[in-house]
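# Report on the structure
Chain residues, written in single-letter form:
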Amino acid sequence: MEPVVVDPHRTVVKNEDDTLTGADKQALICHGECRSKILLIDAGGTISMKPNKRGKLVPDADVIVHELNTSLFKPLRRLVCYKDAGCRVDSADMSFKKWEKIVAAVNEGLYKGHRGIVITHGTDTLAYTSALLTFSFPYLSVPIVLTAAQLPLSYPYNDASNNLFGACCVALGYNPAQPNSNSTDWRFPGVVVFVDHVLLQGTRIQKIDATDIRAFDTPASARLGVWNEGLQYNKELAKSIVFTRLLHTTNDLFKQYHKAQEKQQQHKEQHHEQLIQLPQSMLDFKAWKDSRMAPGLHAFQLWLNNNNNNAQHANDTHTDTDT
């Protein structure tokens, strides 16, 4: 019997007639379906809390699931896969073990090929988690969007609903104002934070207020985007981030390549009969680039071209009107 790996944490074994049983067959089907869906990871925080009998906010597993069944999420309902990361706590109680669970959940979502990933989190340590994810996954071709709230989804009036809905739209590349448009070209590949209608870089955010709805900002950097009838990216900043990341990634690759060459030369001089084979990922640069960076760069180029075309069309229309 040949093992078929459909998940990094479990192995499925085929039957004698080369078929899969019900649960494992469904898991294999889900592996392909994930490419059109985003993964929503519940990592706790105020956004997913609910008052207990004493009125104290405590984590609740049903809060986000209930929100996904509201009318606001109707257009996205079939495109969101919910996952409990196993660390649903107040973010002030975040620890390295819980961070490991978040990273493992994100890694599983990337392995399955999800279109994007959204993480609900508390405000106290969100900046640390976003930085951790940025350095843990430096070669992303899909967005990882963190979001939080000052008032939980369980409250009648809250900021959580818009933050969660906006984060899902950013990860999907979905524009509610143009639901039938092909908007896959404006998904930013990287770790970002979406709160109060603004999109911020994951490694630049700071918590600026403990009570205000706009709890985060990037004082030392421009905002990556603003929500205005759909997400409007800062094109110059997005371009700079993507190509700077490509430059650093390429430099890191060649440093590893030359380091491996030096080790090979040293070993060759000491033991002529044995040669160290360079890792295939270092030799096959084209395959590495295609699998790691090309999807994100291709999507960015499409988005950039689309924005330029729209701007040109708007200018032409304005000129015709003046005439």
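Right above here is the structure, for reference.
Below is a short write-up of the structure. (Residues numbered from 1 in each chain as written. Predicted model: local features only at pLDDT ≥ 70, side-chain atom pairs only at ≥ 80, totals over all residues. Heavy atoms only, no water.)

## A few points about unusual backbone geometry
With a phi angle near 50°, Asp 196 is a residue other than glycine that sits in the positive phi range. Secondary-structure assignment places Asp 196 in the loop between strand S9 (191-195) and strand S10 (198-201). Positive phi, close to 70°, is recorded for His 197, a residue that is not glycine. Inspection of the secondary structure puts His 197 in the loop between S9 and S10. The partly exposed category is assigned to His 197, whose relative accessible area is 35%. (Helix = DSSP H or I, 4+ residues; strand = E, 2+ residues; numbered from the N terminus. Buried < 20%, exposed > 50% of the residue type's maximum accessible area, 1.4 Å probe, protein only.)

## Thoughts on helix H3 (residues 96-111)
Between its first and last C-alpha, H3 extends 22 Å over 16 residues, near the 22 Å set by a 1.5 Å rise per residue. Looking one or two residues beyond H3, the residue adopting positive phi is Gly 113, at roughly 85°. (Expected span 1.5 Å × (residues − 1).)

## Here's the deal with the pairing of strand S3 (residues 38-44)
Counting buried positions along S3 yields seven of seven residues, so the element is predominantly enclosed. Here six bridges tie S3 to strand S6 (residues 80-89), and the two strands are oriented parallel to one another. For Leu 40, the partnering residue across the bridge sits in S6 and is Tyr 82. (Pairing = 2+ DSSP bridges.)

## With respect to the sheet that holds strand S7 (residues 116-120)
Ordered by their spatial adjacency, eight strands build an open sheet running S6-S3-S7-S8-S9-S10-S13-S14, and the pairing between neighbours is mixed. Since the sheet does not close on itself, it has two edges, and those belong to S6 and strand S14 (231-233), each with one partner. With strand direction ignored, the average angle separating the axes of adjacent strands in the sheet is 25°. Where S3 and S7 come together, five bridges link them in parallel fashion. Residue Asp 42 lies in a different strand from S7, and its bridge partner there is Thr 120. (Axes fitted to C-alpha atoms, helices over the stretch in contact; angles between N-to-C directions.)

## Thoughts on the environment of Thr 123
Looking at where Thr 123 falls in the secondary structure, it is placed in the loop between S7 and helix H4 (126-136). C-alpha of Thr 123 to C-alpha of Thr 147: the two residues are 24 residues apart in sequence and 8.6 Å apart in space. Those residues in contact with Thr 123, other than ones at most four positions away along the chain, are Ser 91, Ala 148, Ala 149, Gln 150, Lys 207 and Phe 216. Within the structure, Thr 123 has its side chain in polar contact with the side chain of Lys 207 (distance 2.9 Å). (Contact = heavy atoms within 4.5 Å. Polar contact = N/O pair within 3.5 Å; in protein donor to acceptor, adjacent residues only side chain to side chain.)

## As for helix H5 (residues 160-172)
Between its first and last C-alpha atoms H5 spans 18 Å; for 13 residues at 1.5 Å apiece the expected length is 18 Å, and the two agree. Across the 13 residues of H5, 12 count as buried, placing the element largely inside the fold. Considered for burial, the residues of H5 that qualify are Ala 160, Ser 161, Asn 163, Leu 164, Phe 165, Gly 166, Ala 167, Cys 168, Cys 169, Val 170, Ala 171 and Leu 172. Remark: Gly 173 follows H5 within two positions and exhibits a positive phi of approximately 75°.

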